[in-house]
Amino acid sequence: MASSMKFTDCSPSAIVRLVPSTRTRLRSSDSAVLFHRVLGRSCPAYPRTFVSRSSISTLPVISASISTEATAQVIDGKLVAKQIREEITAEVSRMKDAIGVVPGLAVILVGDRKDSATYVRNKKKACESVGIKSFEVNLPENATEQEVLKHISDFNDDPSVHGILVQLPLPKHMNEQNVLHAVSIEKDVDGFHPLNIGRLAMRGEEPLFVPCTPKGCIELLHRYNISIKGKRAVVIGRSNIVGTPAALLLQREDATVSVVHSRTKDPEELTRQADIIISAVGKANMVEGSWIKPGAVIIDVGINPVEDASSPRGYRLVGDVCYEEASKIASAITPVPGGVGPMTIAMLLSNTLTAAKRTHNFQ
Ligand SMILES: Nc1nc2c(c(=O)[nH]1)N[C@@H](CN(C=O)c1ccc(C(=O)N[C@@H](CCC(=O)O)C(=O)O)cc1)CN2
């Protein structure tokens, strides 16, 4: 990202002190993740003895607990994902009873990344919880691209498999495009096939599937009745799996969309104009309070580990957005963890159900 983008850390002690006691404390699971060390720095724009936007004054520190109440609504992805899983469970059961078909999802994991293994395990558990059958292939780090392609081809031909996904990232020696192109477009429940992305980009075209994380972001906005039409939206990050499809989806919802990336001249200024911010860069606490327009809605896709000696794991997860600052300025915000992450898997289940229904022409 541009040099003006900074790594910052909202200290855990400050978060514990400032988060209202009524807010649900979200527990992280035990996944191991790539570790970005961000040591004890605070979000600089708003120091901790900080006052609410409406009452900037010289209040002594003792009154900070009164003046630092968060105002933003918490967009609870964990809760919404649970509701969606319940809806999917009912549909899977209705389909099984009516036509005797159980949706099937095949997951291919290559290599030994602990975070990827955790995500795959969670996907399998989620499938079980809603009645979707899961198929798993685990290949070693040194597997060849040909081996992966052979498994994809077998799943493409298997009628009990309705959705196929290859967990990303793949080992460096593999060509990701070759692998993603090999998945049949009808079974591309990750929505990463170029034909699906191309259709997403074109007016008058419909993709068969939309990538799960961006789809989850939009679903959260819908379920919280946050209107998108005519709004200014900024997407921070332009990855193929989140930033780019998120921008395309927002545009399809009639938002006016800007994409902030590593070559953007003044990312802070551009972001400050947005009514809706989707951040997907993977840099802890990069988006500070000063980047946010009062009342903006923030969807934070980043899941970044920062060192935290007080946590049993030695780290905790934070988003791209400095939560404690943002929650005093924004009107609504997703937490990390418990925001977009759980929606990714819920949308995968939803796409798999859609794939099975479409194959069997079941309404
Ligand atoms: N083939 C794919 N690969 C990857 C995708 C994807 O959609 N398809 N997305 C990410 C990883 N991912 C799913 O695969 C994923 C990431 C995070 C979560 C999640 O629920 N996170 C929790 C925190 C988890 C923790 O405590 O460690 C949260 O945010 O609350 C789910 C799925 C890259 N690869």
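Along each chain, residue indices are assigned from 1 in the same order as the chain's sequence is written. Selection of residues for local features in this predicted model requires a pLDDT of at least 70, selection of side-chain atom pairs for listing and counting requires 80 or more, and totals for whole chains, interfaces and linings are taken over all residues. Working from all heavy atoms in the structure, the side-chain values ignore hydrogens and water.

### So, the UniProt feature "domain: Tetrahydrofolate dehydrogenase/cyclohydrolase NAD(P)-binding" (unreviewed entry) in the protein
Move 1: UniProt positions are given in the numbering used here, feature names are shortened, and annotations may be inferred rather than shown by experiment. In the numbering used here, UniProt assigns the "domain: Tetrahydrofolate dehydrogenase/cyclohydrolase NAD(P)-binding" (unreviewed entry) feature to residues 211–359.
Move 2: Every helix listed is a DSSP run of H or I at least four residues long, and every strand listed is a run of E at least two residues long, numbered separately from the N terminus. Helix makes up 35% of residues 211–359 and strand 19%, with an end-to-end C-alpha separation of 19 Å.

### Quick notes on the sheet that holds strand 3 (residues 133–139)
Move 1: Any two strands between which DSSP finds at least two bridges are classified as paired. Spatially, 3-2-4 is the arrangement adopted by the 3 strands of the open sheet, whose pairing is parallel. The open sheet terminates on both sides in strands that have one partner only, identified here as strand 3 and strand 4 (163–166). Strand-to-strand twist of the sheet, defined as the mean angle between neighbouring strand axes without regard to direction, takes the value 15°.
Move 2: One ladder, built from 7 bridges, connects strand 2 (residues 104–110) with strand 3; its direction is parallel. Each residue of the ladder has a partner; that of isoleucine 108, found in strand 3, is valine 137.
Move 3: Two residues qualify as a contact provided that any one of their heavy atoms is within 4.5 Å of a heavy atom in the partner residue. Think of each axis as a best-fit line through the C-alpha atoms, taken over the contacting stretch in the case of a helix, with angles from 0 to 180 degrees between the N-to-C directions. Packing of helix 4 (residues 114–130) onto the sheet brings it into contact with strand 2, strand 3 and strand 4, and relative to strand 2 it is tilted by some 170°.

### Structural notes on the pattern of salt bridges
Move 1: When a carboxyl oxygen of Asp or Glu lies within 4 Å of a side-chain nitrogen of Lys or Arg, that pair is called a salt bridge. According to the stated counting rule, one finds 13 salt bridges in the structure shown.
Move 2: A salt bridge links aspartate 154 to lysine 150; its shortest N-O distance comes to 2.9 Å. On the criterion of helical spacing, the pair formed by aspartate 154 and lysine 150 is a turn pair, its members being 4 residues apart in helix 5 (residues 145–157).
Move 3: Overall, the relative accessible area of 36% leaves aspartate 154 in the partly exposed class.
Move 4: The buried label goes to any residue with under 20% of its type's maximum accessible area, the exposed label to any with over 50%, and the partly exposed label to all in between, with areas taken from a 1.4 Å probe on protein chains only. For lysine 150, a relative accessible area of 49% corresponds to the partly exposed category.
Move 5: Residue aspartate 275 is joined to lysine 293 by a salt bridge in which the shortest nitrogen-to-oxygen separation is 2.8 Å. With a gap of 18 residues between them, aspartate 275 in the loop between helix 10 (267–272) and strand 7 (276–279) and lysine 293 in the loop between strand 7 and strand 8 (297–300) connect regions that are remote in the sequence.
Move 6: Its relative accessible area of 21% is what places aspartate 275 among the partly exposed residues.
Move 7: Take lysine 293: its relative accessible area is 28%, and that puts it in the partly exposed class.
Move 8: Here the salt bridges do not stand alone but share partners, grouping Glu87, Glu219 and Arg223 into one network.

### Quick look at the sheet that holds strand 6 (residues 256–260)
Move 1: Reading across the sheet, the 6 strands line up as 1-11-8-7-5-6 and stay open at both edges, with parallel pairing between neighbours. Sheet topology places strand 1 (73–74) and strand 6 at the edges, where each strand pairs with a single neighbour.
Move 2: The pairing of strand 5 (residues 232–236) with strand 6 spans 5 bridges and is classified as parallel. Across the sheet, the residue bridging to isoleucine 236 is valine 260, located in strand 6.

### Some details on the side chain of threonine 264
Move 1: By secondary structure assignment, the location of threonine 264 is in the loop between strand 6 and helix 10.
Move 2: Overall, threonine 264 belongs to the buried group, its relative accessible area being 13%.
Move 3: A distance of 2.7 Å separates a polar atom in the side chain of threonine 264 from the backbone nitrogen of histidine 261. For this analysis, a polar contact is any N or O atom pair within 3.5 Å, provided that within protein one partner can donate a hydrogen and the other can accept it, and provided that sequence-adjacent residues contribute only side-chain to side-chain pairs.

### Quick look at the UniProt feature "domain: Tetrahydrofolate dehydrogenase/cyclohydrolase catalytic" (unreviewed entry) in the protein
Move 1: As recorded in UniProt, the feature "domain: Tetrahydrofolate dehydrogenase/cyclohydrolase catalytic" (unreviewed entry) lies at residues 75–190.
Move 2: For the annotated span residues 75–190, helix accounts for 52% and strand for 16% of the residues, and the straight-line distance between the end C-alpha atoms is 24 Å.

### Considerations on the packing of aromatic side chains
Move 1: Each pair of aromatic rings taken from Phe, Tyr and Trp, with Trp reduced to its six-membered ring, is defined by centres within 6.5 Å and is described as stacked if the planes are under 30 degrees apart, edge-to-face if over 60, and tilted in the remaining cases. Tallied over the entire structure, the rule returns 1 aromatic pair.
Move 2: Two conditions define a charge located above a ring, namely a distance within 6 Å from the ring centre to NZ of Lys or CZ of Arg, and an angle within 35 degrees of the ring normal. Directly above the aromatic system of phenylalanine 209 lies the positively charged group of arginine 358, at a separation of 4.9 Å from the ring centroid.

### Observations regarding unusual backbone geometry
Move 1: Each neighbour pair has its own omega, and for leucine 168 with proline 169 the value is 0°, a cis peptide bond.
Move 2: Of note, proline 169 is situated in the loop between strand 4 and helix 6 (176–182).
Move 3: Proline 337 follows valine 336 through a cis peptide bond whose omega is 0°.
Move 4: Here proline 337 is to be found in the loop between strand 11 (332–333) and helix 12 (340–359).
Move 5: We note that asparagine 285 has phi near 55°; this positive angle belongs to a residue other than glycine.

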